[in-house]
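Per-entry structural report
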Amino acid sequence: MLEEIPRAGVEQVDEAVARAGGALPSWRRLSPGDRARALRDLAENLEGHLEELAVLEARNAGKAISDARGEMGMVVETFRYYAGAPERLLGDTIPVSGGQAFTVREPVGVVGLITPWNFPLTIAYWKLAPALAAGNTVVLKPAELTPLTALRFAQIAAEAGIPDGVVNVVAGPGRTCGQRLVEHPGVAKIAFTGSTEVGRTIARGAAESIKRVTLELGGKSANIVFADADLEAAAVAAPMAVFGNAGQDCCARSRILVEESVRDRFLELLEAQVKSLRVGDPLDESTQMGPLISAGQRETVSSFLEDDVEIAFRGSAPEGPGFWFAPTVLAPVALTDRVAREEVFGPIVAVISFTGEAQAIEMANDTIYGLSGSIWTTDGARALRVARAVETGVLSINSNSSVRVSTPFGGFKQSGYGRELGPHALDAYTEVKTIFYATEEQ
Ligand code: NDP
C-alpha cells in the first residue's frame, strides 16, 4: 500500500462545487494580466516539484520513471503555454447596421474534470490549464486507483497562491462522485477522459441539463507501414508506440498494418526490438515498460489471448508479484478478430497485412474509433494523401508522436469530441458572447 486517503462521497462533491462556485466571480473578474501571472507562478512552483511528482506518479500508476519524468516535464510547459491565453482571448468585430457588434469570450463556469488512471496528472493538467486560463473554476475527480498526484497538485497550487476554491480535488468513485458532478446543477461543463462506455453514460447524463461536455475516449489506432518505408526506423519505433505505458494509452498504435510484400522482413525486425524491451520495476531508470494497473486490467488484457489468436512472438516480463504482462505480438490477425476491433488497453499488438494504398486506408478506417495513428513511407505525396483519408484526430508521418502542448488533440468518431491542448482547447472552456452597441436610433 502506498498511502491511505479518505474516500470522498456525494457530500464532498457538493461542498467542492459550492467552493468552486464561490470562487468563480472573483477568479473570472481577475484582470487578464493577473490571471496570467497566477498561472506563471503556478508553473514556476511546479517546476520545483517535478522530480517529486514524477516519483509519485510512477508509484501511483506503476509507470516507468522515465515516462513519468517526461510527463511531468510537460506540466510546466502546459501552464506556461496557457498563461499566455488570458491576454489573447480575442473576439471579432462584426459589421452590422445601426451600431457595432463584437464578440467576447466568457468562462463557462464551474467545470467538472473527470480523469482516468493511465496518465493521472497529465490528463488532469491538459484540462486544468486552459480551464483556469479562461477564468473557470474546477472540481477535479481523479480515477479512484490513482488519486495521489492530483491531490498533491492541489497543494502545490495553493502554495503557489491560486486562490481558495479555484482548484478542488475530490477523490472518490466514479459511480457516486463522478455521477454527482455530471448531475450537479452548479456544474456548467464536464471534461472527461476515459472509456467510450463511461463517456456515453456521461453524455447521456449531461443531456438532461444541456451541460457542456467534451469527451476524450478510446482508440484503436493504426500504424501503417508501406513497403517503401524505412523499415528499420518503423520497427524501432513500433514497440513503444503500443507498449508505452504498458499499452494503457488511448493513442496506442495497437494495429500494425503492414504491406504484404514486406511483412516477413518487418516482423523479423520487430521481433528483435520487442525481445530487447526492458520490462520491470517502474522506479528502475532503465525500465521501458512497467506492470499493468490492476489485477482486473490484467484479466481483461489476458482474455484477448483466450480467443483463437496466433502469437508471433513475445517479449519478457518479470515473474512474481505485480500485474506483469509480456509485450505480445499477434500475427497473422484478421480485421474481424476481436483483438483487431476492441481497445485492449494492454501490451498486445495485432499485425495485419494489406495490399496497396486503398486497402490500407480502408482497413485503417474500419473501426468505430479515430484518435491517433502513424504512416511510414518515403513517398511524401502518398503520406499526405493517406493522412487526409484516415479518419482520425491526430496522425504522424514517419513518427509516433501524438501530443504536443501547442497542437490540438482529440478524436473523430467514437473516440470523442472536443479538442484538448493548443489554442483549440480554449474553445472548450469558453462561451462566445455577442454584444451589440447601438450607435443610431433603433
Ligand atoms: P472509466 O472510463 O471507467 O473511468 C474514467 C473515469 O471516469 C474515472 O475517473 C472513473 O472513476 C470515472 N467514472 C466511472 N464511471 C463513471 C460514471 N458513471 N460517471 C462519472 N464518472 C465515472 O475507465 P477505467 O478506468 O475503468 O478503464 C476501463 C477501460 O477504459 C480501459 O480498459 C480502457 O479500455 C478505457 N480507458 C480509456 C482511456 C483513454 O484515455 N481513452 C483512459 C482510461 C481507460 P473511478 O475510476 O474512480 O471509478
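Right, let's walk through the structure included here. (Residues numbered from 1 in each chain as written. Predicted model: local features only at pLDDT ≥ 70, side-chain atom pairs only at ≥ 80, totals over all residues. Heavy atoms only, no water.)

Describing the overall build of the protein
Along the protein, the regular secondary structure elements total 15 helices and 16 strands. Each principal axis of the C-alpha atoms in the protein carries an extent, and together these give about 75 × 55 × 40 Å. Expressed as a percentage of its 442 residues, the buried residues of the protein come to 55%. Sequence separation of 24 or more characterises 74% of the internal contacts of the protein that already satisfy a separation of 6 or more. Total accessible area on the protein is roughly 18,500 Å²; 51% of this is exposed by carbon and sulfur atoms. Looking at the protein, you have 41 positive and 56 negative side-chain charges, and the mean spots of the two groups are 3 Å apart. (Helix = DSSP H or I, 4+ residues; strand = E, 2+ residues; numbered from the N terminus. Buried < 20%, exposed > 50% of the residue type's maximum accessible area, 1.4 Å probe, protein only. Contact = heavy atoms within 4.5 Å. Areas by Shrake-Rupley, 256 points an atom, 1.4 Å probe, with all protein chains shown as cover. Lys, Arg positive; Asp, Glu negative; His and termini not counted. Charge placed at Lys NZ, Arg CZ, Asp CG, Glu CD.)

Details of the side chain of E420
By the element assignment, E420 lies in the loop between strand 15 (416-417) and helix 15 (425-428). Polar side-chain contacts of E420 include one of 2.8 Å to the side chain of K127. Here E420 is in contact with W126, K127, T193, E216, T407, P408, F409, A425 and Y429, once residues within four sequence places are set aside. (Polar contact = N/O pair within 3.5 Å; in protein donor to acceptor, adjacent residues only side chain to side chain.)

Some remarks on the packing of aromatic side chains
Per the counting criterion, the structure on display carries five aromatic pairs. Geometrically, the ring pair formed by F79 and F153 is stacked, given 5.8 Å between the ring centres and 25° between the ring planes. With F79 in helix 4 (residues 65-83) and F153 in helix 6 (residues 148-159), this residue pair connects regions lying 74 residues apart in the sequence. The buried category is assigned to F153, whose relative accessible area is 0%. With a centroid separation of 4.9 Å and 85° between ring planes, the pair formed by Y81 and Y82 is classed as edge-to-face. In this structure, R382 packs its charged tip against the face of F226, placed 4.3 Å from the ring centre. (Phe/Tyr/Trp six-rings, centres within 6.5 Å; stacked < 30°, edge-to-face > 60°. Lys NZ or Arg CZ within 6 Å of the ring centre and 35° of its normal.)

Considerations on a nonpolar patch on the surface
Taken together, the side chains of I94, V96 and F436 make up a nonpolar region of the molecular surface, amounting to roughly 230 Å² of accessible area. If you trace the backbone, F436 turns up in strand 16 (residues 430-438). (Patch = residues over 30% accessible without salt bridge, like charges linked within 9 Å, V, L, I, M, F, W, Y side chains within 5 Å. Salt bridge = Lys/Arg side-chain N within 4 Å of Asp/Glu carboxyl O.)

Observations concerning the sheet that holds strand 6 (residues 189-193)
With respect to topology, six strands assemble into an open sheet ordered 5-4-3-6-7-15, the strand pairing being mixed. Across the chains shown, the open sheet's two edge strands, defined by having one partner strand only, are strand 5 (167-169) and strand 15. Pairing between strand 3 (residues 110-114) and strand 4 (residues 137-141): five bridges, direction parallel. The residue of strand 4 that forms the bridge with L113 is L140. Contacts from helix 7 (residues 174-183) reach strand 3, strand 4 and strand 6 within the one sheet, and its direction differs from that of strand 4 by about 160°. (Pairing = 2+ DSSP bridges. Axes fitted to C-alpha atoms, helices over the stretch in contact; angles between N-to-C directions.)

Concerning helix 14 (residues 380-389)
Buried within helix 14 we find R382, A383 and V386. All buried residues of helix 14 project into a common sector of 105° when viewed along the axis, lining one side. Among the exposed residues of helix 14, those pointing more than 90 degrees away from its buried face are L384 and R388. Looking at the buried positions of helix 14, the neighbouring elements they touch are strand 8 (222-225), strand 9 (255-259), helix 13 (357-365), strand 13 (373-376) and strand 14 (396-397). For helix 14, the N-terminal capping position is held by D379, with its side-chain oxygen 3.1 Å away from the main-chain nitrogen of A381. (Arc of directions from axis to C-beta.)

A word on the sheet that holds strand 10 (residues 311-314)
Within a sheet, adjacent strands bond to each other through the backbone by hydrogen bonds, running parallel or antiparallel. Reading across from one edge, 10-11-12-9-8-13-14 is the order of the seven strands in this open sheet, with mixed pairing throughout. Here the strands that pair on one side only, and so sit at the sheet edges, are strand 10 and strand 14.

Points about the pattern of salt bridges
Under the definition given, this model contains 25 salt bridges. Taken together, the shared-partner salt bridges in this structure form one network comprising D228, E357, R382 and R385.

A few points about the side chain of R255
One can find R255 in strand 9. Although R255 is buried, it forms no salt bridge, and the closest oppositely charged side chain is D366 at an N-O distance of 6.6 Å. Among the polar contacts made by the side chain of R255, one reaches the main-chain carbonyl oxygen of M363 at a distance of 2.9 Å.

Some points on the site of the ligand
Lining the immediate surroundings of the ligand are 27 residues, of which T115, W117, E144, S195 and L217 lie closest. Between the ligand and W117, the relevant distance is 2.4 Å, taken from an oxygen atom to a side-chain nitrogen or oxygen of the residue. Take E343: an N or O atom from its side chain is 3.0 Å from an oxygen atom of the ligand. The protein chains hide 83% of the 860 Å² of surface that the ligand would expose on its own. Counting only elements with at least two residues in the shell around the ligand, the list comes to helix 7, strand 6 and helix 8 (196-207). Counting residues per element, the shell around the ligand draws most heavily on helix 7, which supplies three residues. Split by residue class, the shell around the ligand holds twelve nonpolar, eleven polar and four charged. (Near = heavy atom within 4 Å. Nonpolar A, V, L, I, M, F, W, Y, C, P; charged D, E, K, R; others polar.)

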